Amino acid sequence: MPPPSSSIAVIGAGIAGLSCARTLRAAGHAVTLFDKGRGPGGRLSSRRAPGAIVDLGAQYFTARDPAFQAELAGWLDRGLVKRWPTSLWRIDAQGWQPHRDDHPRYCATPRMSALTRHLAEGLTLTAGARILGLERLLDGWFLEDDQQRRHGPFRRVAISVPAPQAEALVATQDDTLAEACRGIEQSPCWAGYALFDAPLPDLPGVARDWQAAFVNAGPLRFVSRNHLKPGRDKQGESLTLLATAEWSQAWLEQPAEQVADALYMAFLEQLPANALPAAPRLLAAHRWRYAQPLSAAPGPGFCLGAHGLALCGDGWLGPRVEDAWCSGRRLAQHWLTQPGSDQQAVTG
Ligand SMILES: Cc1cc2nc3c(=O)[nH]c(=O)nc-3n(C[C@H](O)[C@H](O)[C@H](O)COP(=O)(O)OP(=O)(O)OC[C@H]3O[C@@H](n4cnc5c(N)ncnc54)[C@H](O)[C@@H]3O)c2cc1C
């Protein structure tokens, strides 16, 4: 039996799509999420390796927005997220120094993707479905996936994928949305990771349990020790090594093995010669082609097209997890409070 015509499709089960879907679902709408990945998460993804779980995308998140702070309070109560890192450092020309600022940071336990798994609970998600095209017929929107399956009809479709990927989906359907997508540039990020058989040697003048460091030198911008995140105490030493946007752009098409070597060498350069670790037992890298928006579109935090088609995600509000969550929620709230607004095109 086809879904009711009031049903809503959400393409992309990252944190924006999930917050959009949850808000709509809580108001009684029939929502179906689609994601090309094996599960939800998007850029909050984690990789399981022997003896370690490595966060490959966002390493932590902040909470500046009041609505996100309220949601975070519930996650903290349930033990889903914890404060992290609490031992944060900065590496620059002066060496290693403690980094302190006014932003508490949090991560999900026991891995980043546990948060999006939790948010997906109770929602209808079709995973492993890359949506290739949309078509609007008299009875609503239909989606076509990469396995020649057709889904629909849907009265509304929220597209919560990075803007360059969204552009490909809306190009034949909505010129205004396609144009808005072209205005958002997403910077890439190579994420290297290294697993070790033994803990890193202690560093002179640095806390033994340093958890993460901003790097202001060379190709790296952030280093994090996954096994020192909450809930991972049984895991061995593992590092995530995030490259700067500029370096990632320059190395975008290089083989992952070479990238991993280069990022690990860059990390070793930040260590004194007498504190070098033994060679990692696994060294690899993951490429994020659309890691974070360079600037977000000004506007309400989402982009509304015609006939119930809309865009949300970090590109429409800001480059952080909390922006993506707020963007999805704001789009859902807009649809809930202004149900007749489908025909007007409001760009961000
Ligand atoms: C390396 C890295 C480090 C970061 N560090 C931080 C940080 O420290 N703090 C912070 O707050 N934020 C950080 N971010 C940014 C943060 O991760 C993102 O802003 C946020 O996760 C974006 O969520 P989203 O739902 O908008 O998009 P995504 O998480 O990208 O979700 C989009 C989803 O759409 C799916 N998809 C794409 N195309 C299709 C298609 N055609 N059909 C079906 N599904 C599709 C994808 O599989 C994905 O699951 C970082 C990101 C990266 C990559």
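Computed from a predicted structure; not experimentally measured.

(A) Spatial organisation of the overall build of the protein. Of regular secondary structure, the protein possesses 8 helices and 20 strands. Across its three principal directions, the C-alpha atoms of the protein cover 70 × 45 × 35 Å. When the 348 residues of the protein are sorted by exposure, 55% land in the buried category. Considering only intrachain contacts with a sequence separation of at least 6, the fraction spanning at least 24 residues in the protein is 68%. Within the structure as shown, the protein displays about 15300 Å² of accessible surface, and the carbon and sulfur contribution to it stands at 50%. The average position of the 35 basic charges and that of the 33 acidic charges among the side chains of the protein differ by 5 Å.

(B) The environment of Arg136, seen in detail. With respect to the secondary-structure elements, Arg136 resides in strand E10 (residues 131–137). Arg136 sits in the partly exposed class, given a relative accessible area of 41%. Spatially, the C-alpha atom of Arg136 lies 46 Å from that of Leu283, the residues being 147 residues apart in sequence. The contact partners of Arg136, leaving out residues within four places of it in the chain, are Trp141, Gln173 and His307. Within the local environment of Arg136, its side chain forms a polar contact with the side chain of His307, the two groups lying 3.4 Å apart.

(C) Representation of the domain arrangement of the protein within the structure. If you check the domain split of the protein, you get domain 1 (8–38 + 127–185 + 295–343) and domain 2 (54–112 + 187–293). Taking the mean C-alpha position of each, domain 1 and domain 2 sit 30 Å from one another. Counting residues at the interface gives 18 residues for domain 1, matched by 15 residues for domain 2. When the two sides are added together, the surface that domain 1 and domain 2 hide from each other amounts to roughly 1300 Å², 63% of it contributed by carbon and sulfur. At the junction of domain 1 with domain 2, the criterion picks out 1 salt bridge. Between Glu322 and Arg64 there is a salt bridge, with its nearest N and O atoms 3.3 Å apart. Counting every contact that joins domain 1 to domain 2 gives 4 residue pairs in polar contact (both at pLDDT 80 or more). Classifying every residue of the side of domain 1 that touches domain 2 by side-chain character gives 8 nonpolar, 4 polar and 6 charged.

(D) Expanded view of the nonpolar core. Counting 56 residues, the largest nonpolar core has Ile15, Phe61, Trp75 and Leu331 as the members making the most contacts within it. It is helix H8 (residues 321–337) that contributes the most residues to this core, 7 residues altogether. Mapped onto the domain boundaries, this core takes at least three residues apiece from domain 1 (8–38 + 127–185 + 295–343) and domain 2 (54–112 + 187–293). Among all residues touching Leu331, those that are not within four sequence positions of it are Cys20, Ala158, Phe302, Leu304, Ala310, Leu311 and Cys312.

(E) View of the site of the ligand. If you check the shell around the ligand, you find 35 residues, and the closest are Asp35, Arg43, Ile131, Asp314 and Val321. A distance of 2.9 Å separates an oxygen atom of the ligand from a polar atom in the backbone of Ala16. At 3.4 Å, a side-chain N or O of Gln292 approaches a nitrogen atom of the ligand. Considered on its own, the ligand offers 1000 Å² of accessible surface; in the complex 94% of this is hidden by protein. When residues of the shell around the ligand are traced back to their parent elements, those giving at least two are helix H1 (15–26), strand E18 (282–293) and H8. Taken together, the residues that form the shell around the ligand break down as 19 nonpolar, 9 polar and 7 charged. Residue assignment places the shell around the ligand across two domains, with domain 1 (8–38 + 127–185 + 295–343) and domain 2 (54–112 + 187–293) each supplying three or more.

(F) Main features of unusual backbone geometry. Residue Trp84 is joined to Pro85 through a cis peptide bond whose omega torsion reads -5°. Relative to the elements of secondary structure, Pro85 occurs in the loop between strand E5 (81–83) and strand E6 (88–92). Residues Gly152 and Pro153 are joined by a peptide bond in cis, for which omega reads 5°. Examined against the element boundaries, Pro153 turns out to sit in strand E12 (residues 150–154). In this model, Gln148 sits at a positive phi of 55°, which is unusual for a non-glycine residue. Its place among the elements puts Gln148 in the loop between strand E11 (140–145) and E12.

(G) Spotlight on the side chain of Thr109. With respect to the helices and strands, Thr109 occurs in the loop between strand E8 (106–108) and helix H3 (113–120). A residue is classified by how much of its surface remains accessible, and Thr109, at 15% relative accessible area, is buried. Within the structure, the side chain of Thr109 is placed 3.1 Å from the backbone oxygen of Pro230, a separation counted as a polar contact. Setting aside chain neighbours within four positions, we find Thr109 in contact with Gly79, Leu80, Val81, Lys82, Ala114, Pro230 and Gly231.

(H) Layout of the sheet that holds strand E14 (residues 186–195). Spatially, E7-E6-E15-E16-E17-E14-E18 is the arrangement adopted by the 7 strands of the open sheet, whose pairing is mixed. Each end of this open sheet is capped by a strand with a single partner; those strands are strand E7 (95–98) and E18. The mean inter-strand angle of the sheet, taken between neighbouring strand axes irrespective of direction, is 20°. Sheet analysis places strand E16 (residues 220–225) next to strand E17 (residues 238–243), joined by 5 bridges and oriented antiparallel. Bridge pairing in E17 links Leu220 to Ala243.

Cut-offs used in this document
Residues numbered from 1 in each chain as written. Predicted model: local features only at pLDDT ≥ 70, side-chain atom pairs only at ≥ 80, totals over all residues. Heavy atoms only, no water. Helix = DSSP H or I, 4+ residues; strand = E, 2+ residues; numbered from the N terminus. Buried < 20%, exposed > 50% of the residue type's maximum accessible area, 1.4 Å probe, protein only. Contact = heavy atoms within 4.5 Å. Areas by Shrake-Rupley, 256 points an atom, 1.4 Å probe, with all protein chains shown as cover. Lys, Arg positive; Asp, Glu negative; His and termini not counted. Charge placed at Lys NZ, Arg CZ, Asp CG, Glu CD. Polar contact = N/O pair within 3.5 Å; in protein donor to acceptor, adjacent residues only side chain to side chain. Domains from an automatic or database assignment. Buried area = accessible area lost by both parts, 1.4 Å probe. Salt bridge = Lys/Arg side-chain N within 4 Å of Asp/Glu carboxyl O. Nonpolar A, V, L, I, M, F, W, Y, C, P; charged D, E, K, R; others polar. Core = buried A, V, L, I, M, F, W, Y, C linked by side-chain atoms within 4.5 Å. Near = heavy atom within 4 Å. Pairing = 2+ DSSP bridges. Axes fitted to C-alpha atoms, helices over the stretch in contact; angles between N-to-C directions.

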